[in-house]
Amino acid sequence: MTSPSPAALTRSRPEGPPAPKRFRIRGIDLARGVAMLGMLAAHVGPSADDGTVVGSVMALAQGRSSILFATLAGVSLALMSGGRDIGASSRVAAQKIAVRAVLILALGTALVALGTPVKVILASYGVFFLLSLPFLRLAPRTLFILAGATAVAGPIASMLLRSSAVVTGALAQIDRVDPIALLSGEGVTRLLLTGVYPAITWMPFLFVGLGLGRIGVERLRKVRLLLWGVGLMIVGYGGAFAARVLVPGAVPTWDASKKDFGSMIDKGEGAGMKPFGEGKPTGEVEWASLLSADQHTGAPFEIIGGIGAALVVIAASIWLCARLPRLTWPIAAVGTMSLTVYTGHVLAINAFGLSAMPGEPPWVLIAFAAVAAIFAVLWLRWFRRGPIESGMHAAVAWIGERPGRR
């Protein structure tokens, strides 16, 4: 079977949708591939704090890659439920998304149960998908407003909950009977509130992505999207920098949080929003913690800055995919099967006994990225989807084929 060229993949089939829609998907695939490479850099890349140019590049991947993934997951939700046609968000589409969410949750739980050092995001993805179901029919503007509101309210609510001994005690009781927690140690309470990717502070990324998908990526003005991204980065990271200078007590709080975060990671524990003192309910609320923009803080500035960075990458990916389809194809190919590549890299880290922490020699990252790209390009010469993606598609396809479904 002859493989189509990357350029041909940006054009529609004669009987299919118009070319812009196919191009839009390739642009999103490229952005997803960039996110996957960022994940690899975070898990098997060189140290991000060695003061070198390479270290600075590695630092860009820390935290932002997972945010980009989550934002693109929102775009995927929109595409799976009708794209710009909000009315297409039917019961069948919602059921398919729910089935997919449960399968991703199961896969993520299985990977965590293996005892991997990777802070696996897949189970959280499943929860994000399920929590997004009630919002599928909202208009883009409403989704963006909701994202802004939850970007501020979510971290505040999380911090207040974490500072309560009653709440943390109740969560511990839930963990004792939660089958997911008993199986993998990453149960419902961590997925919703206290894990590395808690839904309470990560849903804004899904809302933004869902809003972009509802607008239709092919209709987005790339320059405007880029400017919005840069503006949000200035607000997020610039605001945190200003707070570091102007707010008394902010720097000591953040430095202590970083130390606690590193200790929890070294012990293989979930860190969540590190400044909020997980597992240390004192009844005192450290408001200065909300002014950080460091990775995985879950603070408003980090959320806003991370969304801005995601928009910049998405805008650049759409532009590059249109102009350099052959050059960008290997990375876009990785993006088409990111679930397979993500699962494979977790299994490889386990097999080779790696720590899943920055500090590996550069050749390890190069090897992981090269294997992922080569496998993806070769696989797509004969198959439409990645191995796990194909299984996922087959598992949910029967819903739309059942008699009486619309």
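Preceding this section is the structure that the text describes.
Residues numbered from 1 in each chain as written. Predicted model: local features only at pLDDT ≥ 70, side-chain atom pairs only at ≥ 80, totals over all residues. Heavy atoms only, no water.

Trainee: Help me understand the overall build of the protein in this model?
Mentor: Counting secondary structure elements, the protein contains 18 helices and 0 strands. Out of the 406 residues belonging to the protein, those deemed buried represent 48%. Across the protein, contacts joining residues at least 24 apart in sequence account for 76% of those joining residues at least 6 apart. As displayed, the protein offers around 18,400 Å² of accessible surface, 67% of which is attributable to carbon and sulfur atoms. (Helix = DSSP H or I, 4+ residues; strand = E, 2+ residues; numbered from the N terminus. Buried < 20%, exposed > 50% of the residue type's maximum accessible area, 1.4 Å probe, protein only. Contact = heavy atoms within 4.5 Å. Areas by Shrake-Rupley, 256 points an atom, 1.4 Å probe, with all protein chains shown as cover.)

Trainee: Got a minute to help me understand the packing of aromatic side chains in this structure?
Mentor: Inspection of the entire model under this criterion finds 9 aromatic pairs. Ring geometry for F135 against F207: centres 5.0 Å apart, planes inclined by 75 degrees, an arrangement best described as edge-to-face. Of this pair, F135 sits in the loop between α6 (122-132) and α7 (140-162) while F207 is found in helix α11 (residues 199-215), placing the two residues 72 residues apart along the sequence. Through successive ring pairs, a cluster of aromatic residues spans F69, Y125, F128, F129, Y197, W202 and F205. Above the plane of the ring of W382 lies R381, whose end atom (NZ or CZ) is 5.6 Å from the centre. (Phe/Tyr/Trp six-rings, centres within 6.5 Å; stacked < 30°, edge-to-face > 60°. Lys NZ or Arg CZ within 6 Å of the ring centre and 35° of its normal.)

Trainee: Would you explain the nonpolar core in this entry?
Mentor: A general tendency of soluble globular proteins is for nonpolar side chains to be buried together. In this structure, I314 and Y342 are the most contacted members of the largest nonpolar core, which totals 83 residues. Not counting the four nearest positions on each side in its chain, I314 is found in contact with I28, A31, L68, T71, L72, L212 and L225. (Core = buried A, V, L, I, M, F, W, Y, C linked by side-chain atoms within 4.5 Å.)

Trainee: Quick question: what am I supposed to make of the packing of helix α4 (residues 64-80) against α6 here?
Mentor: Each packed pair of helices is defined by two parameters, the angle between the axes and the distance between the axes. As a packed pair, α4 and α6 sit with axes 11 Å apart at the nearest point and diverge in direction by 45 degrees. When the interaxial angle is binned, α4 and α6 end up oblique. You can see that α4 and α6 cross each other, and the crossing is right-handed. Note on element contacts: α6 touches α4 through Y125, F129 and S132, opposite F69, A70, A73, L77 and M80. Grouping the constituent residues of the contact of α4 with α6 by class yields 7 nonpolar, 1 polar and no charged. (Axes fitted to C-alpha atoms, helices over the stretch in contact; angles between N-to-C directions. Parallel < 35°, antiparallel > 145°, perpendicular 65-115°, else oblique. Left-handed = near helix turned anticlockwise from the far one by under 90°. Nonpolar A, V, L, I, M, F, W, Y, C, P; charged D, E, K, R; others polar.)

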